[in-house]
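# Structural description and commentary
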Amino acid sequence: MSPSGSPVTGTVTTQVPARLDRLPWARWHWMIVIGLGTVWILDGLEVTVVGNIASRLSEDGSGLPITDAEVTGLAAALYVAGACSGALFFGWLTDRFGRKKLFLITLAVYLVATALTAISFSAWWFFLFRFLTGFGIGGEYAAINSAIDELIPSKYRGRVDLIINGSFWLGAMGGALLSVLALNTNIFPKDVGWRLTFALGVVLGLVILLVRRHVPESPRWMFIHGQDEGAEEIVSGAEREIERETGKKLPEPGSSITIEQRRSIGFLEIAKTLFRVYPKRSVLGFSLFIGQAFLYNAITFGFGTILVNFFDVSSGSTGYYFAAIAFGNFLGPLLLGRLFDTVGRRPMIAGTYIISGLLLFLTAWFFSNGWLDATTMTLCWAVVLFFASAGASSAYLTVSEVFPMETRALAIAFFYAVGTAAGGISGPLLFASLTSSGVVGDAVIAFCVGASLMVAAGVVAVLFAVAAEGRSLEDIARPLSARD
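Residues numbered from 1 in each chain as written. Predicted model: local features only at pLDDT ≥ 70, side-chain atom pairs only at ≥ 80, totals over all residues. Heavy atoms only, no water.

## Some thoughts on the nonpolar core
In a soluble, globular protein the nonpolar side chains are often hidden away together inside. The biggest cluster of nonpolar side chains holds 128 residues, and the ones touching the most others in it are Phe311 and Phe367. Here this core takes 15 residues from helix 17 (residues 374-401), the largest share from any one element. Ranked by size, the runner-up nonpolar core spans eleven residues in total, among them Ala75, Phe126, Phe127 and Trp194. (Core = buried A, V, L, I, M, F, W, Y, C linked by side-chain atoms within 4.5 Å. Buried < 20%, exposed > 50% of the residue type's maximum accessible area, 1.4 Å probe, protein only. Helix = DSSP H or I, 4+ residues; strand = E, 2+ residues; numbered from the N terminus.)

## Focus: the pairing of strand 2 (residues 257-262)
Burial within strand 2 is extensive, with six of its six residues counted as buried. Taking every second residue as pointing to the same face, both faces of strand 2 are buried, with Ile257, Ile259 and Gln261 on one and Thr258, Glu260 and Arg262 on the other. In this structure, strand 2 lies alongside strand 3 (residues 482-483), joined through two bridges in antiparallel fashion. Residue Ile259 lies in a different strand from strand 3, and its bridge partner there is Ala482. (Pairing = 2+ DSSP bridges.)

## Topic: a nonpolar patch on the surface
There is a patch of nonpolar side chains on the surface, built from Leu200, Val203, Leu204 and Val207 and spanning about 300 Å² of accessible area. Tracing the backbone shows Val207 in helix 9 (residues 190-212). Here Val207 falls in the partly exposed class, since its relative accessible area comes to 47%. (Patch = residues over 30% accessible without salt bridge, like charges linked within 9 Å, V, L, I, M, F, W, Y side chains within 5 Å. Areas by Shrake-Rupley, 256 points an atom, 1.4 Å probe, with all protein chains shown as cover. Salt bridge = Lys/Arg side-chain N within 4 Å of Asp/Glu carboxyl O.)

## Here we look at the side chain of Arg281
With respect to the helices, strands and loops of the structure, Arg281 is situated in helix 13 (residues 279-299). Asp475 provides the closest opposite charge to the buried, salt-bridge-free Arg281, at an N-O distance of 8.8 Å. At 3.1 Å, the side chain of Arg281 forms a polar contact with the backbone oxygen of Ile476. The contacts of Arg281, once residues within four sequence positions are left out, are Val402, Phe403, Val466, Ile476 and Ala477. (Lys, Arg positive; Asp, Glu negative; His and termini not counted. Polar contact = N/O pair within 3.5 Å; in protein donor to acceptor, adjacent residues only side chain to side chain. Contact = heavy atoms within 4.5 Å.)

## Description of the packing of aromatic side chains
Within this structure, the stated rule accounts for 30 aromatic pairs. Taken together, a centroid distance of 5.8 Å and an interplanar angle of 50° make the contact between Phe366 and Trp371 tilted. Since its relative accessible area comes to 24%, Phe366 is described here as partly exposed. Taken together, a centroid distance of 5.4 Å and an interplanar angle of 15° make the contact between Phe403 and Phe415 stacked. Of the two residues, Phe403 sits in the loop between helix 17 and helix 18 (408-436) while Phe415 sits in helix 18, which places them twelve residues apart along the sequence. (Phe/Tyr/Trp six-rings, centres within 6.5 Å; stacked < 30°, edge-to-face > 60°.)

## What to know about the confidence of the model for the protein chain
Looking at the protein chain, the pLDDT average stands at 85 and 90% of residues meet or exceed 70. Here residues 1-5 is modelled with pLDDT under 50, and outside its nearest four sequence neighbours on either side it reaches eleven contacts, counting other chains as well. (pLDDT = per-residue confidence, 0-100.)

## A closer look at the packing of helix 7 (residues 157-166) against helix 8 (residues 168-182)
Each pair of packed helices can be described by the angle between their axes along with the distance between the axes. Where helix 7 contacts helix 8, the axes come no closer than 4 Å and their chain directions differ by 20°. As summarised for this structure, helix 7 and helix 8 are arranged roughly parallel, according to the angle between their axes. Where helix 7 approaches helix 8, its residues Ile164, Asn165 and Gly166 are matched on the opposing element by Phe168, Trp169 and Leu170. Its residues assigned to classes, the contact of helix 7 with helix 8 comprises four nonpolar, two polar and no charged. (Axes fitted to C-alpha atoms, helices over the stretch in contact; angles between N-to-C directions. Parallel < 35°, antiparallel > 145°, perpendicular 65-115°, else oblique. Nonpolar A, V, L, I, M, F, W, Y, C, P; charged D, E, K, R; others polar.)

## Examining helix 8
Owing to its 3.6 residues per turn, the α-helix brings residues three or four apart onto one side. Compared with the 21 Å implied by 1.5 Å per residue over 15 residues, the 20 Å span of helix 8 between its first and last C-alpha is a close match. Within helix 8, eleven of the 15 residues are buried, which leaves it mostly tucked inside the rest of the structure. Of all the residues in helix 8, the buried ones are Phe168, Trp169, Gly171, Ala172, Met173, Gly175, Ala176, Leu178, Ser179, Val180 and Ala182. (Expected span 1.5 Å × (residues − 1).)

## Considerations on the environment of Ala374
Within the element layout of this structure, Ala374 appears in helix 17. Take Ala374: its relative accessible area is 8%, and that puts it in the buried class. Setting aside anything within four residues of it in sequence, one finds Ala374 in contact with Leu307, Phe311, Val313 and Tyr321.

## A few points about the pattern of salt bridges
Applying the stated criterion to the full structure yields 16 salt bridges. Arg220 is the partner of Glu474 in a salt bridge, and the nearest nitrogen-oxygen pair spans 2.7 Å. Residue Glu474 is found in helix 20 (residues 473-476), and its partner Arg220 is found in helix 10 (residues 219-224); the two are separated by 254 residues along the sequence. Given the relative accessible area of 0%, Arg220 is considered buried. A salt bridge links Glu260 to Arg483; its shortest N-O distance comes to 3.3 Å.

## Description of the environment of Ser85
Along the chain, the position of Ser85 falls in helix 4 (residues 68-97). For Ser85, a relative accessible area of 31% puts it in the partly exposed group. In this structure the C-alpha to C-alpha distance between Ser85 and Phe135, which are 50 residues apart in sequence, comes to 6.2 Å. Other than its neighbours up to four places away in sequence, Ser85 contacts Phe131 and Phe135.

Structure, rendered in structure tokens:
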């Protein structure tokens with residue numbers, strides 16, 4: 001028996017982590033990025049489409065008896081509630097049964113739920129399948145962030161994780177522009193266009209599922225769970241492929257690690273690890289997720305409603321504006337991601353959170369004084385979110401790399417679920433009425449709440465962020481199964 005009481009199935013000494021970390025970037029890594037990272041495009045498509053079609057869904061003739069506030073408030077909250085529930089449920093399964101099984105299952109759940117959303121005939125049906133769509137997406141966060149961090153070399157882990165999480169906004173841009181087309185009643189009837197946007201998500205998901213079948217299981221997960229021969233086979237295959245591609249022999253790997261293999265880790269040991277062994281890292285995780293969740297789930301995804309109510313933008317044109325701020329969101333992780341591996345985690349995480357919060361306060365001041373129109377408001381948001389997006393992506397990076405391997409997926413799920421529930425469930429319910437009221441002061445309150453929490457999270461990062469750049473996952477957080 002191990003010290004935790006979990007049955008030990010064997011002891012193995014392996015160089016798998018060192019062998020993975022010393023690999024140069026190659027086609028093998030691109031397969032992982034494309035197969036796993038593209039799901040964030042789907043998530044961005046989902047959330048943005050719903051935000052931009054909210055006004056159309058509430059119009060007579062849409063085919064759904066639903067109000068604008070219900071779409072951006074109740075439906076948004078149910079989607080996030082589903083994502084939180086799915087993250088916890090599938091996160092536990094991911095640590096127990098492996099990354100690959102779960103990132104195939106969670107995508108299948110998303111596909112079925114999205115397809116059924118497209119044929120919604122009543123409000124309760126729409127609400128139910130928004131919840132189940134979120135349930136699948138939430139499971140994706142845990143399974144995929146775990147797999148990415150465990151497969152990508154330490155030298156590139158920060159920038160790759162940020163860019164992949166930032167690719168959400170490629171989907172957001174696509175969803176925004178797609179909504180413009182779908183809401184054009186000269187092309188599609190009111191009760192058809194919005195359904196086609198969900199149907200497109202299903203098509204894209206099926207393509208991703210075909211690619212994802214070729215992504216390997218995490219060798220790090222395998223050797224801890226008694227599948228060390230399979231782990232060796234995957235790593236050896238990657239090494240041979242990369243040597244053929246580069247024409248160079250790989251350098252010798254660094255240190256080895258000795259592991260007592262276990263089938264599973266109990267919840268009590270996971271809780272002890274998070275709150276007794278790493279309490280400062282846990283506070284950091286909560287702070288980062290709550291800050292970004294309020295900023296995005298509570299405010300940004302109601303941007304279409306803000307444009308309609310405060311700037312008289314037509315519901316069919318909000319997609320153009322949202323595409324602009326989505327572009328700013330994607331540029332942030334793309335251009336700043338490398339700095340998280342070079343300048344370092346602490347200054348970049350703290351800096352992106354604090355700067356975006358201060359810029360949002362400035363935007364709220366401009367807005368309250370009536371100095372903004374639809375175009376300048378969009379420009380201000382694009383600048384704010386350039387920094388905020390890099391910060392929000394670093395929240396996922398942080399909780400996926402600062403806890404032991406055996407707890408990784410559930411840790412991601414836990415912090416995502418708690419942080420997002422605080423900002424993503426209560427936020428839309430609280431701020432839907434503020435942003436849809438048409439009262440400037442109400443919207444300013446919403447902006448200032450999001451800004452305050454972002455700045456506060458940045459201060460926590462100054463104190464507690466971990467210098468994880470360029471370091472092996474096993475060095476950042478020693479595996480629970482590791483033995484001297």
